[in-house]
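Structure assessment
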Amino acid sequence: QRHCENGKAVAEFLNNHPKVDKVYWPGLESHPNHEIAKRQMNDFGGMVSFTTKNNSLEDAVSFVEKLKVFTLAESLGGVESLARHPASITHASIPKEEREKTGVVDSLIRLSVGVEDEEDLLNDLKQALA
């Protein structure tokens, strides 16, 4: 329950942030699979991905390095909040053109939102995006 509540708060915060381009979370009505998720799920979980408007690799790396509550990780899951930057970690060896065909653009950040205090999570994202 807490995972889902925090996921929703993070997705809505990011969806309204001026530096964020796209937010991928099935609980948002703008998500292409929202209706399917609504029928199949009791809630929408805490896995949230997003891209920034400038799509800068350097800014994305800087963002994950600035995080204090979210921990940079290669794998996502667990009760603690984790962040992953696929372009510099798991997909770094794949040529940019190939990565982008699958949606792994330079600024893509994946978050596994944990059960920490909601305000702590939002403040962490706020300061990292500043």
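The structure presented is a predicted model; accordingly, all values stated were derived computationally and were not measured.

Reading the values: rules and limits
Residues numbered from 1 in each chain as written. Predicted model: local features only at pLDDT ≥ 70, side-chain atom pairs only at ≥ 80, totals over all residues. Heavy atoms only, no water. pLDDT = per-residue confidence, 0-100. Helix = DSSP H or I, 4+ residues; strand = E, 2+ residues; numbered from the N terminus. Phe/Tyr/Trp six-rings, centres within 6.5 Å; stacked < 30°, edge-to-face > 60°. Buried < 20%, exposed > 50% of the residue type's maximum accessible area, 1.4 Å probe, protein only. Salt bridge = Lys/Arg side-chain N within 4 Å of Asp/Glu carboxyl O. Expected span 1.5 Å × (residues − 1). Contact = heavy atoms within 4.5 Å. Patch = residues over 30% accessible without salt bridge, like charges linked within 9 Å, V, L, I, M, F, W, Y side chains within 5 Å. Areas by Shrake-Rupley, 256 points an atom, 1.4 Å probe, with all protein chains shown as cover. Lys, Arg positive; Asp, Glu negative; His and termini not counted. Charge placed at Lys NZ, Arg CZ, Asp CG, Glu CD.

Brief notes about the confidence of the model for the chain
Chain-level statistics for the chain give a pLDDT mean of 94 and a share of 99% at 70 or above. In the model of the chain, helix α4 (residues 96–101) stands out as the element of lowest mean pLDDT, 88, in contrast to helix α5 (residues 118–129), which has the highest, 98.

A look at the packing of aromatic side chains
Applying the stated criterion across every chain yields a total of two aromatic pairs. Ring geometry for Trp 25 against Phe 44: centres 5.6 Å apart, planes inclined by 70°, an arrangement best described as edge-to-face. With a gap of 19 residues between them, Trp 25 in the loop between β1 (20–24) and α2 (34–40) and Phe 44 in the loop between α2 and β2 (47–52) connect regions that are remote in the sequence. Just as Trp 25 is buried, Phe 44 falls in that class too.

Digging into the pattern of salt bridges
On inspection of all chains with the given rule, the structure shows five salt bridges. The partner of Lys 38 in a salt bridge is Glu 35, with the nearest N and O atoms 3.6 Å apart. Of this pair, Lys 38 and Glu 35 both sit in helix α2, three residues apart, roughly one helical turn. Taking relative accessible area as the criterion, Glu 35 reaches 44% and is therefore assigned partly exposed. In this structure, Lys 96 engages Asp 106 in a salt bridge whose closest nitrogen and oxygen atoms are separated by 3.0 Å. Placement of the pair is Lys 96 in helix α4 and Asp 106 in the loop between α4 and β5 (109–112), with a sequence separation of 10 residues. Residue classification places Lys 96 among the partly exposed residues on the basis of a relative accessible area of 37%.

What to know about helix α1 (residues 2–15)
Over its 14 residues, α1 extends 20 Å from the first C-alpha to the last, a length consistent with the 20 Å expected when each residue adds 1.5 Å. Here the buried face of α1 lies against β1, β2, β5 and α5.

Concerning a negative patch on the surface
On the surface, Glu 5, Asp 43, Asp 117, Glu 118, Glu 119 and Asp 120 cluster together to form a negatively charged patch. When residues in the negative patch are grouped by element, the largest group, three residues, is from α5. Inspection of the secondary structure assignment puts Asp 43 in the loop between α2 and β2.

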